[in-house]
Amino acid sequence: MNREFFAAIADIEKEKGIPQAYMIDKIEQALLAALKKDYPLESDCARVVLDPVEKTVDMFLEKQVVEKVDNPRTQYSLEQAREIIKGINIGDVVTEPVDKTRFGRIAAQSAKQVIVQGIREAERNMIYDEFTSKEHEILTGIVQRIDPRTGNAAIQIGSNSEHTEAVLSSNERIPGEPLRDGDRIKVYVIEVKKSTRDPLILISRTHPGLVKRLFELEVPEIADGIVEIRSIAREAGNRTKIAVESNDLAIEPIGACVGTKGARVNAIVNELNGEKIDIVRYNEDPAEYIASALAPSEVIDVLINEDGKSCRVVVPDNQLSLAIGKEGQNVRLAARLTGFKIDIKSESQA
């Protein structure tokens, strides 16, 4: 029976990846609690030892050999101890085995409960550890179901051998993006939190980090550090502006991100449900950088104010609405991309 017991623990390690030492420790704690409950007056001297090498389960009471007995349930006098073990001395310990046949049913029930609880706890810890390492990364998930009332989507996500379910809340979904059960989508892991049940994994399709990671996947030059993403401003579902810079004069950063016939950027646009992406060149000169950020509009002049945080931009009369964008989106994204407050004037207004 002991061999089967330890074989079952070994199987748990193979199937679940839960270390035998972890399970043995949990089972020892459970058996000890049950033993103390069965021997309440001797609880201080109750011991349980599981030996996976010898495949033994030992339960016993350790009684101290003393000169004067104060508690006969936990102590032996020297005379009593020498009747059991010859040559024993004061301060030594007498090990008194517990009748496991009487204790077996309670112990088996306790062990079963702790094995189930231990597996659940270990699985939660393994999932937490695995997905914590994936914070701020992209994972591929499968849509399991969508709540018609809240719009929240349950997404099955996996990392290596671990799988769990995360909730893509309605405010983290790309506006207007149709999702159906069984769809495969990429999600950005914002944060992983511990909870009383399974770990809480916060995922998003609207976070600017998703765009950054998609470019790293599609553009080898970014993954290798040759082209660097300096800033991203995003309004999910509509438009994203991304500023890039090359650390190699031989590599043109915008061309690297666009790819041959737009293949690289188009793959990202498709993943983001048609979201427009403006790729602009980062520049240490604020005026040049702001002018680039306002693409596709032309810019005549950029005047940086004394506060160093705001500017006035002059554009051709026929480019004013383009520079501002629909409902101010273009200038708003350019301001977030560059960190400047931008006041746009047409040439005639200026």
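In case you missed it, the structure is sitting above this.
Residues numbered from 1 in each chain as written. Predicted model: local features only at pLDDT ≥ 70, side-chain atom pairs only at ≥ 80, totals over all residues. Heavy atoms only, no water.

## Focus on the overall build of the protein
Moving on, step 1. Summing up its helical and strand segments, the protein has 11 helices and 15 strands in all.
Moving on, step 2. For 350 residues, the compact-globule formula gives about 20 Å, and the C-alpha radius of gyration of the protein, at 34 Å, lies well above that figure.
Moving on, step 3. Dimensions of the protein, computed from the C-alpha atoms along their principal axes, are close to 110 × 45 × 45 Å.
Moving on, step 4. Put simply, the protein has 350 residues, and 41% of those count as buried.
Moving on, step 5. Restricting the contact set of the protein to residue pairs at least 6 apart, pairs at least 24 apart contribute 57%. (Helix = DSSP H or I, 4+ residues; strand = E, 2+ residues; numbered from the N terminus. Rg over C-alpha atoms; globule rule 2.2 N^0.38 Å. Buried < 20%, exposed > 50% of the residue type's maximum accessible area, 1.4 Å probe, protein only. Contact = heavy atoms within 4.5 Å.)

## Some words on the nonpolar core
Moving on, step 1. Counting residues in each nonpolar core, the largest one holds 23 residues, and the members touching the most others are Met-23, Ile-27, Leu-35, Leu-50 and Ile-115.
Moving on, step 2. Residue assignment for this core shows that the elements contributing at least two residues are α1 (2-16), α2 (20-38), β1 (46-51), β2 (56-66) and α4 (100-132).
Moving on, step 3. With six residues, α2 is the single largest residue contributor to this core.
Moving on, step 4. Setting aside residues no more than four positions away along its own chain, Met-23 makes contact with Ile-9, Ile-12, Ile-18, Ile-115, Gly-118 and Ile-119. (Core = buried A, V, L, I, M, F, W, Y, C linked by side-chain atoms within 4.5 Å.)

## A few points about the sheet that holds strand β11 (residues 239-246)
Moving on, step 1. Taken together, the three strands give an open sheet; going across it, the order is β10-β11-β12, and neighbouring strands pair in mixed fashion. If you trace the sheet from one side to the other, it starts and ends with β10 (227-235) and β12 (276-281), each paired once. Direction aside, the axes of adjacent strands within the sheet are offset by 20 degrees on average.
Moving on, step 2. By the bridge criterion, six bridges tie β11 to β12 in an arrangement that is parallel. Each residue of the ladder has a partner; that of Ile-242, found in β12, is Ile-279.
Moving on, step 3. Contacts from helix α5 (residues 208-218) reach β10, β11 and β12, with the element oriented near 145 degrees to β10.
Moving on, step 4. On the sheet, helix α9 (residues 286-293) packs against β10, β11 and β12 and is oriented at approximately 160 degrees with respect to β12. (Pairing = 2+ DSSP bridges. Axes fitted to C-alpha atoms, helices over the stretch in contact; angles between N-to-C directions.)

## Some details on the packing of aromatic side chains
Moving on, step 1. The tally for this structure, following the rule as stated, stands at one aromatic pair.
Moving on, step 2. With 4.8 Å between their ring centres and 70 degrees between their planes, Tyr-282 and Tyr-289 make a pair best called edge-to-face.
Moving on, step 3. By relative accessible area, which is 7% here, Tyr-289 ends up buried.
Moving on, step 4. When the ring centre of Tyr-128 is taken as reference, the NZ or CZ atom of Lys-194 above it lies at 4.9 Å.
Moving on, step 5. In this structure, Arg-230 packs its charged tip against the face of Tyr-282, placed 4.1 Å from the ring centre. (Phe/Tyr/Trp six-rings, centres within 6.5 Å; stacked < 30°, edge-to-face > 60°. Lys NZ or Arg CZ within 6 Å of the ring centre and 35° of its normal.)

## Re the side chain of Gln-75
Moving on, step 1. Note on placement: Gln-75 falls in strand β3 (residues 75-77).
Moving on, step 2. In terms of polar contacts, Gln-75 uses its side chain to reach the backbone amide nitrogen of Asp-70, at 2.8 Å. (Polar contact = N/O pair within 3.5 Å; in protein donor to acceptor, adjacent residues only side chain to side chain.)

## With respect to the sheet that holds strand β14 (residues 310-315)
Moving on, step 1. A sheet is described by the order of its strands in space; here three strands give the open sequence β13-β14-β15, paired in mixed fashion. Looking at the sheet topology across the chains shown, the edges are occupied by β13 (301-304) and β15 (341-346). Sheet twist, expressed as the average angle between the axes of neighbouring strands with direction ignored, equals 20 degrees.
Moving on, step 2. Sheet contacts for α9: β13, β14 and β15; angle to β13, the most-contacted strand, approximately 130 degrees.

## A few points about the pattern of salt bridges
Moving on, step 1. Applying the stated criterion across every chain, the model contains 17 salt bridges.
Moving on, step 2. Here Asp-278 makes a salt bridge to Arg-239, at a shortest N to O gap of 2.7 Å. A residue pair is termed long-range when its members are at least 10 positions apart, and Asp-278 in strand β12 and Arg-239 in strand β11 qualify at 39 residues. Of the two residues examined, Asp-278 and Arg-239, each falls in the buried class.
Moving on, step 3. What you see here is one network of salt bridges that share partners, running through Glu-137, Arg-213 and Glu-216. (Salt bridge = Lys/Arg side-chain N within 4 Å of Asp/Glu carboxyl O.)

## Describing the layout of surface pockets
Gaps left between atoms show up when a probe the size of a water molecule is rolled over them.
Moving on, step 1. As a volume, the second largest pocket reaches approximately 250 Å³.
Moving on, step 2. Lining the second largest pocket are Asn-238, Arg-239, Lys-276, Pro-296, Leu-322, Gly-325, Lys-326, Glu-327, Gln-329, Asn-330 and Arg-332.
Moving on, step 3. With three residues, the single largest contributor to the lining of the second largest pocket is helix α11 (residues 329-338).
Moving on, step 4. Taken together, the residues that form the lining of the second largest pocket break down as two nonpolar, four polar and five charged. (1 Å grid on protein atoms, 1.4 Å probe; cavity = no way out; pocket = protein on both sides within 12 Å on 5 of 7 lines; lining within 4 Å. Points joined across faces, edges and corners; volume = space filled by probe spheres on them. Nonpolar A, V, L, I, M, F, W, Y, C, P; charged D, E, K, R; others polar.)

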